[in-house]
Structures are given as structure tokens and as C-alpha cells.
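Analysis of the macromolecular model
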Number of protein chains: 2
Amino acid sequence: MTFNKITQPILDAINAIVGSDAVLTEKQVIDNYSHDETEDLVYYPEVVVKPSTPEQVAELLKICNIALIPVTPRGAGTGLAGGALPVKGGVLISMERFNRIIDIDEQNLQATVEPGVITEVFMNAVADKGLLYPVDPASKGSCFIGGNVANCSGGPRVVKYGTIREYILNLEVVLPNGEIIWTGANTLKYASGYNLTQLLIGSEGTLGIVTKIVTKLIPAPTMDALMLASFTSNEDACAAVSAIFRAGVVPSGLEFMERRGMEWVIEHDGIAFDLKDGIEAFLLIEANGSNQDVIFGDCEKINEVLEQYNCQDVLFADAAAQKEELWRIRRTMAVSVKSNSVYKEEDTVVPRAQLPQLIKGIKEIGSKYGFSSVCYGHAGDGNLHVNIVKENMSDDDWNNKLKDGITEIFELTVSLGGTLSGEHGIGLVQKDYMPIKYSPVHFAIWKGIKQVFDPNGILNPGKIFN
Amino acid sequence: MTFNKITQPILDAINAIVGSDAVLTEKQVIDNYSHDETEDLVYYPEVVVKPSTPEQVAELLKICNIALIPVTPRGAGTGLAGGALPVKGGVLISMERFNRIIDIDEQNLQATVEPGVITEVFMNAVADKGLLYPVDPASKGSCFIGGNVANCSGGPRVVKYGTIREYILNLEVVLPNGEIIWTGANTLKYASGYNLTQLLIGSEGTLGIVTKIVTKLIPAPTMDALMLASFTSNEDACAAVSAIFRAGVVPSGLEFMERRGMEWVIEHDGIAFDLKDGIEAFLLIEANGSNQDVIFGDCEKINEVLEQYNCQDVLFADAAAQKEELWRIRRTMAVSVKSNSVYKEEDTVVPRAQLPQLIKGIKEIGSKYGFSSVCYGHAGDGNLHVNIVKENMSDDDWNNKLKDGITEIFELTVSLGGTLSGEHGIGLVQKDYMPIKYSPVHFAIWKGIKQVFDPNGILNPGKIFN
């Protein structure tokens, strides 16, 4: 695909569409849009544009489609796979002005929201009405719900409430040719033709730009219990995970954390936590609901399972502040890792009973290639974030040899029935690994679908598979 | 699309692939495959083929793809939109020999199953291990799970457990060119390229033929309560539906039934039920879980809501046999309607608080066009099955005028935020109504996607949009 550069007439046209206050071109002001949270990668767009209506997005796309200008849609820039990086230059469309919660429909338990709303802002707004939107990525305080849709983002509560796919009912989408469509209907069930809503979810801004989102809401639980269980080995902790479900309990959170991640959070955030010698891994386990007996019963069953897997200690959080502190440890782990070292994060996901084999294998591969890793993640979903840290690794090894090690990690993941990403997406940094799991037939289908939506290939080029 | 007829050499090749005992050509023996449960429609295939392996399906498709022979995949033939009708003749591929439950993985709470397994057989097999596969269409005793995947089928428990989309993790699919692929991975989360699993669900056998299905399972609830609430008006019953959720309860079943449907079931099945004068509508409401107090609490809250909506009586089923009887009434309603009259069934779905407007409008449209209807369905999902019964309507009105009435029903459905089908699919009989909801842009995208998978258009032609 050969793209063109933005010319002055094109820039004039863009200015005419959105107004000059919504167009950034100076290098200093577009610095913030040249990176997301992926490693230390930086790519500059030629221009940053901040439309505020679907019609403006449509006009922008029409021009870029005709002029063959690459367009990279961007949410809050919290992505971990480089999906929002404008690797081919061109126009970066920031969705930050699409920040309205249009409607919270308490009759239907649905909401209509623009993609630039911060996920936690939306969650709080529905919580004020006694409702729950349960898809809460670790970055919920800063990420946009539109980015969550684009990346099929998860978070700790998927384990009980299901994926974002179950909560996104309908999407307003602008296609590269400027057409604006709704992908489906505002209904809980849908069996009316190929499901374009589901196809758009997880398509990482390569098929269209989402401008409105209709979500399902559910009644909020009224109480929860949180416990932190400690283990002397990663494998014991991981083995306990699937056993909890086999005991008939579905926790509302079931997170794994390695000791080293915990150490770095304690150090980075100055958290008072007594990290005992010999402890290597933790499970953070939440049970929620609206009945104390049920939650206590769940906790008892979980406790019985933990004992069978050599759990050393179980800390029950007994106040809201302590719960908040424990969740904060988990949520800030990525930031702490990042502050300690250059790193690469892999988002492996396997059937959950395969977690012990996965983590054992990751450590063996690390030994073989000379890298260390800090692992944590949504163990209840079989989703393990593998943070490979550079530390003392030579630049040469980091830049050249490491790729073979990551390849082995993904080969192991795939051999265990898993795949490359559970919730971060493929974006830029994982796309070279896609052939480990997917055949030329998959690539041909994906490219064919891309061609249907975006024949000129202007939307988020250089991502997922192309 | 111009198709060819099956020649003797092609028939010989088909026989060589599957063996002559798996090939039916005599009119008498293929009678059973000329119709599904859709109205009184009959279309004969030229040949019925019963492969038993993915490789056999691949070889069959390769031949038909080269020779331009239409191929209609068929599950158990319980469909209500004509999806399995071989409207262009050609080869009908019956999946009945794909009837193995390959694996129930109790470690991962997943199962691998062939598409020709009867849904209830599968549900019972996992229930024997204390697990739940919750997607139970009314036809669960006879439908195939492969048909459920193809049609994005629902059932009463979607309201609590979510749609089939949340339970299908991965699919083995044979493409028209004979390639066999797995669409995804056996993982609870998936953010690795366009989600082909989700695209195949609900594609009604037009993109590929599913040969293996990996499902998610969950721990089974251990108890439930069932109540039947009676109302003097449809609108009161429908209005109570959304109020139940607003009260913070998510029932495991919330079904609406009109009086006339009840009458016909009682008559057809000889069920002893005291149908009081003045009662026009019923809600069948189930609450389930693993704690009696919670279930009782839910029932109390539901009861309070019902009182606010002029509920006349609430019958609590107090024994398993009575629960079974009440569910049997709901499940056999379609059969009873069918035994009483020629009928057409529409599968309308709207946001659930719009149900009162929907049912009121349907009756008004019926008065205008001179048809009567029996309505029932999964009210908790906003999914209302509208059975238009012929009774005394003239053949001329039935064949010509009725279509305008159905068009008005769908126009109303769409104006309320809904769509044409919640769980039956579009198949043959709804496709002419698709432009009511969908624009040429939608059709172009669907046709583009179809072209990617099936460039010669051999798979289930004449369905959904073409």
C-alpha cells in the first residue's frame, strides 16, 4: 500500500471540517500523540485531528480515503500493543472530544455512550443508579471505552461477568468511505445477518471508527469479600485457580501476581505490606453478590481449595480501605514494572488449567535466553501478562535474541490451546508472531474482510496482520 | 448465481467420498430432508449426503465448489426460518453423523462436541458432572448444537447466563474450498485478530460448515424456584418484565405467554390447568442459584413488582413435577400452535421496556389486516415470538395481503430499537423484510464477507440476504 503525504490543500480541508482549534501540527503539541503505553515506541503523525461528531469523522475519512492518507484512530493511548501508534504517519484522529454519556436508560438497563468517555467515569455514572457495567481494565481510570471496544479489552471481572462482547449491543461506526451505520440493534439477542457488532469489537480500528456505543447494564452487586492467598511456588498458585471453579465457585475476580511484581509495587508506591520470606506468588480472589451467607460460603469453599494447593496464608481484607489497597497493588503493577525497567509485555492466554504449565515453561524459556520476567494477570480467565524486563540484558540480546525467546513463549502458549492475546490486542508489536498460531488461510480471510470495509487500506495500517 | 445440476460423475464422486450408505437419492427417503419446522415449506435437494468426518465434508465441498453445485448444511431440521431448506436443490449435507461428545474437560470447564449432538443430550452429559451449558432452546430435545451455533439460538436462560456467543469458544470449520480451520482458540478471552468464531456464529451455514465446537461450561446451580403470574392484559404482563430487572433481580427465566397459547397447549397436550376467566397473559418466572435464602429473596422482590403491575395470581410451583409441567407448557406452545392452524412465526426482539408497545402494536396491526396472533417468548430478553395464525383468513389474504401486515410489525419492531430476529435467524422466510432494518451499506458488507469465504456462492444460497 502506497500512501500519500498530507498536502496544504488537504490540511486546509481538514481545518474547514473541524475548525483550526481541533487540528494540531506543531511537533511539541503532538508529542503526546506519538506514543501509547507500549514499551518505548514513538511514531509521529503528520497531523492530529480532534473531531467531535460522527459527521466530522465521516468528512475526514472521505478525504483521506480519496487522497490515500493513512488514518490512525486513537482513544486514550493506554494500549499495550501499539494499536494507536501512527506507524505510517498521516492523520491521527483523537476521539477525546467524543466524551459524552448520552443516555443511561434505567428502563432497559442500557446506556448509550461516546467512545471517548473514560471507562471508570462511565462505570461510576451507572453505579450511581445502582447498575453495573462490569468491564474494568486495569487502566479503567484513564482508558476510553472506545479503546476497550477496539481491543476487546477485559479486566478482572470478566471471570464472572463475561467478556465485553456480552455488554456491547450496538455500535455507530463511520466507514472509510464516509458512510455512517449502526452495526446492529439495541437488543440483548440478535440473529439477523452477520453480526457486524461482534466483528467490529476487537478489530483495533482497522475496519471503521466507532462513534457511539450502546451497552448492556446489569443490577449491581451490593457486597464483596476479598482475600489474598500466598504460595511458595507459581505452579501451586496457578494450579489452585482451576480447582476453585471445579469446586463450584465463580469468583468475581481471580488474579495471579508473582512476588517480584509485588516487591516492585511496594517499592514504587510505598505500600506497607509484610512480604514474607519464601512466598513466591499470590492469588487475589474476590467473591461478590448481594447475600452475605453466599459470599461467606464461597469464601469457605475457596479456602478449602487453597489449603489443598499448599497455600501458606490467606489475608481477608476486612475493610473497604484494605480492599482498595489490595486492588491498587494489582492495578498498578504494570506501572511499577515499567518504572523499573525497559520491558515488553506479552498477553498470553490459555485454558485456565494449563496455567501451571505455561508459567513453568515461561521461566524455563527465560533461563534459556537469559531474560527474566514478572508475571501477573487474570488467572481465572487463563490470561497471564508476561512482562519481560530488560534489566542487565545487553542491547544486542534485547533487540535481536529476545525475539526468539518470545517466539518460544507463544509457541508454548499455542501448544497449550491458547493464543497470543487475551485482551490487549495484536496491534503493532505482536503482529510478527501471528503466524505461530494462524495459517495463511486465516490471513487471507482477515485481509479479505479488511478489503470489504477499507479497500484502500487507509485505516490503522500496519496493524494486526498487514 | 447460476448453479449446475448434479451429474452421474459427481454422484459417483460423492459416493466414493462417504460410501453409498451415506448418500440418499430416492424421493421417498429424502422426504424428511425437504422441510424443517418452518410453516409448510417443502424444497427437495437432489441428493442427501451424510458425511461423518471433517475430511469428508472438505472433499464434498471441494467438488461442489468446482462444479458449482449448491450445498445446504442441515442440523436436526428444527429451524423456524427455513435456513435448512435446499431452495436451490443440489446437495443437502446432513450433519447427523457428527454426533459425538468428544471431550468434557472438567479441569478447564470446557467441552468439545460435534455439531450433530442433540442439545439436551449434551446438556445432560455436562449436568452429570455438575456443570451447566445454559443455552437451551425450546427445541432442546431435538435440535442439534450445530444448528444452535448457525442460528445464534437462544432459549429461556439467556436472560441470566448470556447468549450462545458467550459459550462458544472455538469452531472447527470447513470452508467451501475444502480448507479446514479452527476459527480461534480454546480460551475464555480472545483479542487476536478479527474474531472469526463470532462471525461464524449466526451465519446460518453460509460461510462454512462447522465440524467441531468448543464450549465454555460453568458450575451448575443447585436449586430453583418457579412461579406463574397471571394478568388481565398483555401490556401489564409485559410492563412488569423490565420492572423486575429494575428491582435488582436477574431471573434465570422470564417468559411471556398469551392466554390463547395457553388454551391451545392445554387442549393439545391434555394438561390439567384451571384457566380463569379474564386472565389474558402469563409470566413464567424462574429464579435459580445455590442458596435458598437468595432465591426466596428474589421471589419476594419479584412478587412485589408483580403486585404493582396488576398481577392477579401467582402460582408457586412447589415440586419438581409441577415445575416440569409449567416449563412443558411453555416449551410445547409452538407445537400446539402449529397443530391448530397454518401459521407464520416472527421472532421480534426489542429493548425489553418496549415490549408493551410492541405487543399492543402487533394486535392493532392484526386488527387492521384481519389476522390474529398468538404471542409468547423470552420476554426477559425483549424477544417476542409472534405466531400469526391463518384460521379463517382467505388464501388470497394469507398469501398476498399478510405480507404488508408483517412488514408493519417489523417496521414497528425496528422503530422501537429492535430487529427482525432475536434467535431464529433470517433464513429464507425473513430475508425479504431485511431492508426494513438494514441499508444497502449493510447488504454490501454482508455480501463482501460472503464473497471472502464463498466466492462461488455455493453455501446455503438464497438465505439471509441473497
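All figures in this text were calculated on a predicted structure; none of them were measured in a lab. (Residues numbered from 1 in each chain as written. Chains lettered and ligands numbered in written order. Predicted model: local features only at pLDDT ≥ 70, side-chain atom pairs only at ≥ 80, totals over all residues. Heavy atoms only, no water.)

**Description of helix α9 (residues 259–269) of chain A**
Owing to its 3.6 residues per turn, the α-helix brings residues three or four apart onto one side. Along α9 of chain A, the residues that are buried comprise R259, G261, M262, W264, V265 and I266 of chain A. Positive backbone phi, at 60 degrees, marks G270 of chain A, one or two positions downstream of α9 of chain A. (Buried < 20%, exposed > 50% of the residue type's maximum accessible area, 1.4 Å probe, protein only. Helix = DSSP H or I, 4+ residues; strand = E, 2+ residues; numbered from the N terminus.)

**Description of the side chain of T197 of chain B**
All names here are of chain B. Mapping T197 onto the fold places it in helix α7 (residues 196–200). Take T197: its relative accessible area is 3%, and that puts it in the buried class. A polar atom in the side chain of T197 sits 2.8 Å from the side chain of T183. Residues in contact with T197, not counting those within four places in the same chain, are I168, L169, N170, L171, T183 and G184. (Polar contact = N/O pair within 3.5 Å; in protein donor to acceptor, adjacent residues only side chain to side chain. Contact = heavy atoms within 4.5 Å.)

**Description of the relation of the copies chain A and chain B**
Mapping chain A onto chain B calls for a rotation angle of 180 degrees and an axial translation of 0.0 Å; the resulting RMSD is 0.0 Å. Accordingly, the operation relating the two chain copies is best matched by a two-fold axis. A share of 100% of interface residues in chain A that are also interface residues in chain B marks the association as one of identical surfaces. (Least-squares fit on C-alpha atoms with pLDDT ≥ 70 in both.)

**Here we look at the packing of helix α13 (residues 355–369) of chain A against helix α14 (residues 395–415) of chain A**
Geometry of a packed helix pair, given as the angle between the helix axes and the separation of the axes. Residue and element names in this part refer to chain A. Running from N to C, α13 and α14 point in directions that differ by 160 degrees, and their axes come no closer than 10 Å. Classified by the angle their axes make, α13 and α14 are roughly antiparallel. Note on packing geometry: the crossing formed by α13 with α14 is right-handed. Across the interface between the two elements, Q357, L358, G361, I362, I365, K368 and Y369 of α13 pack against K401, D404, G405, E408, I409, L412 and T413 of α14. A class-by-class count of the residues in the contact of α13 with α14 yields six nonpolar, four polar and four charged. (Axes fitted to C-alpha atoms, helices over the stretch in contact; angles between N-to-C directions. Parallel < 35°, antiparallel > 145°, perpendicular 65-115°, else oblique. Left-handed = near helix turned anticlockwise from the far one by under 90°. Nonpolar A, V, L, I, M, F, W, Y, C, P; charged D, E, K, R; others polar.)

**Topic: the domain arrangement of chain A**
Residue and element names in this part refer to chain A. Domain assignment breaks chain A into domain 1 (8–97), domain 2 (101–219), domain 3 (223–333) and domain 4 (341–435). Taking only C-alpha atoms, the centre of domain 3 and the centre of domain 4 are 23 Å apart. Between domain 3 and domain 4, the residue contacts involve 17 residues of the former and 20 residues of the latter. Approximately 1600 Å² of surface area, both sides summed, lies buried where domain 3 meets domain 4, with 64% of it carried by carbon and sulfur atoms. (Domains from an automatic or database assignment. Buried area = accessible area lost by both parts, 1.4 Å probe.)

**So, the packing of aromatic side chains**
All names here are of chain B. Taken as a whole and judged by the stated rule, the model has 16 aromatic pairs over all chains. Ring geometry for Y133 against Y167: centres 6.5 Å apart, planes inclined by 85 degrees, an arrangement best described as edge-to-face. Of this pair, Y133 sits in the loop between β7 (131–132) and α5 (145–151) while Y167 sits in the loop between α6 (158–161) and β8 (168–174), placing them 34 residues apart in sequence. Given the relative accessible area of 0%, Y133 is considered buried. (Phe/Tyr/Trp six-rings, centres within 6.5 Å; stacked < 30°, edge-to-face > 60°.)

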